[in-house]
Amino acid sequence: MERVEGLLFDASLEGNVTLLQTLLQQDPLILDRVTVNRCDNMPLHVASMLGHVDFVNEILSRKPQLATESDSQRRLPLHIASAKGHVEIVKVLLSAHPETCLARDRDGRNPLHLAAIKGRYEVVKELLQAQPHAARAMVEQDTILHLCVKHNQLEVLKLLVESMAHDHEFVNSKDGDGNTILHLAVADKQIETINFLLLNTSIEVNASNTNGETSMDILAQGPKDVKDQQILQSLKQADAVELKEKGLIEIIPQNWRCRISSTQKKLFPPLSKKIREDWLDKKRNTLMVVASLIATMAFQAGTNPPSGVWQENSHNATQPYYAGYAVMAYNHPTLHHVFLISNTVGFVSTLSIILLLISGLPILKHRIYTWIMMAIMWIATTSMSITYYVSITVTTPENRAAATRLASNIIVLVWIGLMTLVVVGHIVQLMAIAKDDKKKITKDNRKP
């Protein structure tokens, strides 16, 4: 019996009608037995996949009910033939059982869905003629039009839209997220599809999804490329609404842009409000971590200065000293003075930043105060650099490691110079921004 079934399978692979007839003469029930014994690789399914029209005709002429048998994926022979684009086999299967056009596989797709996804234009035409209502079946929460856009099948989309030309709801149907096919086409930057929908259908250009986003909003949120300008112009000509996120409006030509304050342009060029808030939060968190670290270092340096402290009292008449006092204050009084000033500046600066951040004052949410705290942090780091410079100076013997001390001194001085330059640059920038804003306010006040 297995040998006979193997021969039948070989016949379906080759489309050998003669062998099929021979096997049926020997065993008229062989097709029924194979259908019962197997879930996959049934002769009609195999022949439909490989496009053997004569073989399919021979089976259906003897057992037309086999067109309704499904495999383990709940696919009928019509599903397979539609996906493969075998138009003649689709016609034969439809003539045997037209209702199979409505059957769904395990994923909820009917043969028309599979043909549309694969772009089988002629097959879609045949299936629509047989069962127009198959086009209205949903796959999970997607319509067949959504499937066409997701798989970029414009020609099939045109055929489906033309077949439902008078159905306004069909074209404007939404998926589970409330997106129309225009939303999806804009998100995927399908320019030809967008132009077809805007010029040849009754698509609602300002329809919003469940997040309240129109197609224009979708365009603003997606990654930017050269297609944006063309899509934007098409949407504008179709009277699309303006963008919700004004911060993302850089894709709009200059003559369409809204006025943006000079401060916003210079400090935060085109970023959305949410992105700016995230940026500020990250900056404040970073400032808190760095400020805590520098404050800890400054406290340790202040209580445990370089070279340590005297361990016992000395009543030397020339230079008496007492236990617990800093050695550096006696051996290097000038450098000790510089050390105390720079270390105290760094300690107090970072404590000020920590106090401001934990205070929770609403005013600190403004960008300008974040920049001021960053400037204070630069001052603190510069002070700590001076503290380090003094430390290595007083702890390195004069007669040893002269080259090492020189290199260290040069590196520290370069760092101090760089930090100073950065601070001065930002101060100049803030002053320029404030000056521009003052000019703009004066100009606006002069307007009637």
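Residues numbered from 1 in each chain as written. Predicted model: local features only at pLDDT ≥ 70, side-chain atom pairs only at ≥ 80, totals over all residues. Heavy atoms only, no water.

- If you look the chain up in an unreviewed UniProt entry, it shows as PGG domain-containing protein from Centaurea solstitialis.
- According to UniProt, the comment filed for the chain under the heading Subcellular location (unreviewed entry) is "Membrane". (UniProt positions renumbered as here; feature names shortened; annotations may be inferred.)

## Notes on the environment of Ala238
Here is step 1 of the chain: Along the chain, the position of Ala238 falls in the loop between α16 (228-237) and α17 (262-267).
Here is step 2 of the chain: Since its relative accessible area comes to 24%, Ala238 is described here as partly exposed.
Here is step 3 of the chain: Between the C-alpha atom of Ala238 and that of Glu204, which follows or precedes it by 34 residues, the distance is 9.5 Å.
Here is step 4 of the chain: Leaving out residues up to four positions away in the same chain, Ala238 has contacts with Leu198 and Val205. (Helix = DSSP H or I, 4+ residues; strand = E, 2+ residues; numbered from the N terminus. Buried < 20%, exposed > 50% of the residue type's maximum accessible area, 1.4 Å probe, protein only. Contact = heavy atoms within 4.5 Å.)

## Examining the side chain of Ser234
Here is step 1 of the chain: Note on placement: Ser234 falls in helix α16.
Here is step 2 of the chain: Setting aside its immediate chain neighbours within four residues, Ser234 contacts Asn195 and Leu198.

## Observations concerning the packing of helix α1 (residues 2-14) against helix α3 (residues 30-37)
Describing two packed helices takes the angle between their axes plus the distance from one axis to the other.
Here is step 1 of the chain: Direction vectors running N to C along α1 and α3 enclose 95°, while the axes themselves pass 11 Å from each other. With respect to each other, α1 and α3 are oriented roughly perpendicular. The segment α1 lies against α3, with Val4, Glu5 and Leu8 engaging Ile30, Leu31, Val34 and Asn37. (Axes fitted to C-alpha atoms, helices over the stretch in contact; angles between N-to-C directions. Parallel < 35°, antiparallel > 145°, perpendicular 65-115°, else oblique.)

## Side note on helix α6 (residues 77-84)
Here is step 1 of the chain: Within α6, seven of the eight residues are buried, leaving the element largely enclosed by the surrounding structure.
Here is step 2 of the chain: Within the sequence span of α6, burial applies to Pro77, Leu78, His79, Ile80, Ala81, Ser82 and Ala83.
Here is step 3 of the chain: Check the buried side of α6 and you find it contacts α4 (43-50), α7 (87-96), α8 (111-118) and α9 (121-130).
Here is step 4 of the chain: Directly beyond the C-terminal end of α6, a positive phi value near 85° is found at Gly85.

## Quick notes on the pattern of salt bridges
Here is step 1 of the chain: Per the stated rule, a full pass over the model turns up 13 salt bridges.
Here is step 2 of the chain: For Glu88, the salt bridge identified is with Lys91, shortest N-O distance 3.8 Å. Of the two residues, Glu88 and Lys91 are both situated in helix α7; the distance of three residues between them amounts to about one turn of the helix.
Here is step 3 of the chain: Owing to a relative accessible area of 47%, Glu88 belongs among the partly exposed residues under this scheme.
Here is step 4 of the chain: Judged by its relative accessible area of 36%, Lys91 falls in the partly exposed class.
Here is step 5 of the chain: Taking the shortest distance from any N to any O, the salt bridge between Arg136 and Asp167 comes out at 2.6 Å. Within this pair, whereas Arg136 is found in the loop between α9 and α10 (144-150), its partner Asp167 is found in the loop between α11 (154-163) and α12 (168-171), the two being separated by 31 residues in sequence.
Here is step 6 of the chain: The class for Arg136 is partly exposed, based on a relative accessible area of 41%. (Salt bridge = Lys/Arg side-chain N within 4 Å of Asp/Glu carboxyl O.)

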